[in-house]
Amino acid sequence: MTDLSRRSFLSTVTGAGLMAAAPKSWAAAAPSASGDWRLGVANAPAEGYAPSALTRLHGQMPKGLSGTLYRNGPGWFRYGDDVTGHWFDGDGMIQKYDLTASGVRHTGRFVDTVKHRVEQKRQAIVMPGFGTKGRADAPVTSNDDVNAANTSVLRVGDELWALWEGGSPYRMDAQTLLTRGPKTFRDDLKGMAFLAHPKVEPSGRIWSAGFMGAKAWIWQLSPNGEMEQGAIIDLPAAGYAHDWVVSEHYLILPMQPWVAKTRTPPFVDSLVWEADQPIRVLVVDKTDFSKRRLFELPSATYFHTGDAWEDSDGTIRFDVCLAKSPQFGATGARELVKGIYKGDEHTEAHLALITLRPNGKAEMELTKASAEFPQTDHRVQGLRHDLVAHVGGYLKDRPGAHMLSTYNWRTGKSDTHDFGHDAIVEEALFVPRPATAGGTGKEADGWFVGTVLNLKARATELHVFDAGNLKDGPVASWRSQHATPLGFHGTFAQP
Ligand SMILES: [Fe+2]
């Protein structure tokens, strides 16, 4: 098992023997007219961010909104001119925003990973990763030695798990953000891959997967994070999978035609884009992993799914953000950390609804909504939802979205707030209005809470929207003292 758990990732990352190519000068790259977007991929302070209050820009904290927004993302990229090979390989840093009636306080801390320790000590990019070759003398003995813990977070009891996708969750104290170490579910599963996009059922049960070439390990965990069961399943191909969906009865694994074909390190270079091949969607019964169906969809690439549900006749539907080519992940995100952005219309993803019929047919309904980082009301995870929130709107001269939107599948209507070209909009999370504040429990009765990097103000902001009305802008906003590096995903913990 240990050998299997290591096989896919290490086979490509530890084949490394070359130093990263010399980067172009960070200082020579020109910022865009919209402001210096490179703030989003600059190193954070090594010591993290000390607790500080955000400055209120307008509005008041809505009655009933309190708790903590945790966000994870790469926060360290370079030692002088020695630059990590890919945006996805920056060291994980947790941003913590505490929301109370009196305002918002922020603190931030790096996940104390083996990778971060080794590289801080040597003041060099050493370890291999998703798009980084690493050095010949990189001390790598397991997946977790190269685990960047930089992609998302999951709150489990008093712990915060910093998630990657090629190794273990990294356990942290949810209050102090002190790192406790990799989570081992069972001795023989040490270092096994665990997705950055686990799915939590309304019951609290947690599902995750670890992809290993043309196989996946399925994790079924209790609400307190202990292992209930796990098993290996065969996949139709070794397609790169960053996200998946889980409905009431099924695990749904869309395998895109971006397929690991070679052992060429780093990992991303092992992937071949097969534009003439379909997306193959594997549907597995939660109660019997041997019961499986396969659907085919037209070729497309994706990073993120939203959520899935089942109709009464057994039809399965889920939302996903689809693009025409994986150019951004393959090369664009490598250039970002060098301060270069070229843009590519084929990399812009659009919101789509996938329908899997009981008769084996699959349909793809592509909307015109520019969309990434889809988010739904987590209380109905795996159940019918109408509303999906997403960022969108991309410019030619800088990376990142400038709009926050919702799309309603029932009405086909979008609701959008445009922050303007000085803003890079990050993932917004739905926070339900509690019953004590008049919450009805209906889908999307609550707020979207998210962060924005304001390039003009050179500061990160936190905005709160009424979930049913984005177009009128945030109901309350605060600004940090810091421009924190752009993150990927977060979670909101309500008291
Ligand atoms: Fe993601």
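Residues numbered from 1 in each chain as written. Predicted model: local features only at pLDDT ≥ 70, side-chain atom pairs only at ≥ 80, totals over all residues. Heavy atoms only, no water.

Colleague: Give me the lowdown on the coordination of the iron ion, citing residues and values where you can.
Modeller: At 2.0 to 2.2 Å from the iron ion lie its protein donor atoms, namely His197 (NE2), His242 (NE2), His304 (NE2) and His489 (NE2). Angles of 92 to 164 degrees at the metal separate the four donor atoms of the iron ion, which places the site in the irregular class. Counting gaps between the donor residues of the iron ion yields the pattern H-x44-H-x61-H-x184-H. You can see His197 sitting in the loop between β11 (179–182) and β12 (199–200) and its partner His242 sitting in the loop between β15 (227–234) and β16 (245–246), a full 45 residues away along the chain. A relative accessible area of 10% means that His197 is categorised as buried. When its relative accessible area of 7% is taken as the criterion, His242 is described as buried. (Donors = N, O, S within 2.8 Å, 3.2 Å for Na, K, Ca; no water. Tetrahedral: all angles 85-135°; square planar, octahedral: opposite > 155°, others 65-115°. Helix = DSSP H or I, 4+ residues; strand = E, 2+ residues; numbered from the N terminus. Buried < 20%, exposed > 50% of the residue type's maximum accessible area, 1.4 Å probe, protein only.)

Colleague: An account of the sheet that holds strand β9 (residues 159–163) is needed here, citing residue identities and associated values.
Modeller: Taken together, the four strands give an open sheet; going across it, the order is β8-β9-β10-β11, and neighbouring strands pair in antiparallel fashion. Since the sheet does not close on itself, it has two edges, and those belong to β8 (152–156) and β11, each with one partner. Averaged over all adjacent pairs, the angle separating strand axes in this sheet is 25 degrees, with direction ignored. (Pairing = 2+ DSSP bridges. Axes fitted to C-alpha atoms, helices over the stretch in contact; angles between N-to-C directions.)

Colleague: Got a sec to walk through the pattern of salt bridges? Specific residues and values, please.
Modeller: This structure, assessed with the given rule, holds 29 salt bridges. Residues Glu228 and Arg205 are paired through a salt bridge, measuring 2.8 Å at the closest nitrogen-oxygen approach. Placement of Glu228 in strand β15 and of Arg205 in the loop between β12 and β13 (206–212) is noted, with a sequence separation of 23 residues between them. Assessed through its relative accessible area of 28%, Arg205 is described here as partly exposed. (Salt bridge = Lys/Arg side-chain N within 4 Å of Asp/Glu carboxyl O.)

Colleague: Help me get a handle on the side chain of Asp445, residues and values and all.
Modeller: Relative to the helices and strands, Asp445 resides in the loop between β30 (423–432) and β31 (446–454). A distance of 2.9 Å separates a polar atom in the side chain of Asp445 from a polar atom in the side chain of Arg433. Apart from residues no more than four positions distant in its own chain, Asp445 is found in contact with Arg379, Phe430, Pro432, Arg433, Gly438, Gly439 and Thr440. (Polar contact = N/O pair within 3.5 Å; in protein donor to acceptor, adjacent residues only side chain to side chain. Contact = heavy atoms within 4.5 Å.)

Colleague: Can you tell me about helix α3 (residues 327–336), naming the residues and giving the values?
Modeller: Of the residues making up α3, those classed as buried are Gly329, Gly332, Ala333, Arg334, Glu335 and Leu336. In this structure, the buried side of α3 is in contact with β18 (258–260) and β22 (301–310).

Colleague: Give a detailed account of the pairing of strand β21 (residues 288–297), specifying residues and quantitative values.
Modeller: Successive residues of a regular strand alternate their side chains across the two faces of the sheet. Relative to β21, strand β20 (residues 279–285) runs antiparallel, the two being bridged by seven bridges. Of the residues in β21, the one forming a bridge with Val281 is Phe295. From the end of β20 to the start of β21, which pair antiparallel, there are two residues.

Colleague: Any details on the pairing of β15? Residues and values, ideally.
Modeller: Inspection of the sheet shows strand β14 (residues 215–221) paired to β15 by seven bridges, in the antiparallel sense. Residue pairing across strands places Ile218 opposite Ala231, the latter belonging to β15. Count of turn residues in the β14/β15 antiparallel hairpin: five residues, of which Gly225 carries a positive phi of about 90 degrees.

Colleague: I'd love a proper account of the packing of aromatic side chains, names of residues and values included.
Modeller: Within this structure, the stated rule accounts for 24 aromatic pairs. Here Trp87 and Phe328 contribute two aromatic rings whose centre-to-centre distance is 6.2 Å and whose plane-to-plane angle is 85 degrees, an arrangement assigned as edge-to-face. You can see Trp87 sitting in the loop between β5 (82–83) and β6 (92–100) and its partner Phe328 sitting in helix α3, a full 241 residues away along the chain. Classification of Phe328 by relative accessible area gives partly exposed; the value is 22%. (Phe/Tyr/Trp six-rings, centres within 6.5 Å; stacked < 30°, edge-to-face > 60°.)

Colleague: Talk me through the confidence of the model for the chain; I want residue IDs and the actual numbers.
Modeller: Interpretation of this model should avoid reading the predicted coordinates in detail wherever pLDDT is low. For the chain, per-residue confidence averages 93 on the pLDDT scale, and 93% of positions sit at 70 or higher. Overall, residues 1–29 carries pLDDT values under 50, and its contacts beyond four positions in sequence, including any with other chains, amount to 75 contacts. (pLDDT = per-residue confidence, 0-100.)

Colleague: I'd like a rundown of the sheet that holds β15, residues and numbers included.
Modeller: The strand order across the open sheet formed by four strands is β12-β13-β14-β15, and the pairing between neighbours is antiparallel. Either end of the sheet is taken by a strand with one partner, and the two such strands are β12 and β15. Where β13 meets β14, seven bridges bridge the pair, whose relative direction is antiparallel. Note on β14: the bridge partner recorded for Ile206 is Leu221.

Colleague: Mind laying out the nonpolar core, listing which residues take part and the relevant values?
Modeller: One finds Trp87, Phe88, Tyr240, Leu404, Phe419 and Phe448 to be the most contacted residues of the largest nonpolar core, which totals 39 residues. Contributing elements (two or more residues each) for this core: α3, β27 (387–392), β30 and β31. When residues in this core are grouped by element, the largest group, five residues, is from β30. In this structure Phe88 touches Phe130, Asn150, Phe303, Ala333 and Phe488, once residues within four positions along its chain are discounted. Residues Val284, Ala300, Ala308 and Ile354 belong to the second largest nonpolar core, which totals 34 residues. (Core = buried A, V, L, I, M, F, W, Y, C linked by side-chain atoms within 4.5 Å.)

Colleague: Give a description of the environment of Thr100 that names residues and reports values.
Modeller: Considering the arrangement of structural elements, one finds Thr100 in strand β6. On the basis of relative accessibility, which here comes to 37%, the residue Thr100 falls in the partly exposed class. Side chain to side chain, Thr100 and Ser102 meet in a polar contact 3.0 Å long.

Colleague: For helix α2 (residues 114–122), give the residues involved together with the corresponding values.
Modeller: Taken together, the buried positions of α2 are occupied by Lys115, His116, Val118 and Glu119. Buried positions in α2, seen along its axis, are confined to an arc of 165 degrees and lie on one side of it. Opposite the packed face of α2, turned more than 90 degrees from it, sit the exposed residues Arg117 and Lys121. Buried residues along α2 sit against β4 (78–79) and β7 (103–110). Residue Gln123 follows α2 closely and has a positive phi angle near 50 degrees. (Arc of directions from axis to C-beta.)

Colleague: So what about the environment of Ala231? Which residues, and what values?
Modeller: By secondary structure assignment, the location of Ala231 is in strand β15. We classify Ala231 as partly exposed; its relative accessible area is 21%. In this structure, the C-alpha to C-alpha distance between Ala231 and Ala216, residues 15 residues apart in sequence, is 8.3 Å. If we ignore the near neighbours within four places in the chain, the residues touching Ala231 are Ala216, Trp217, Ile218 and Phe289.

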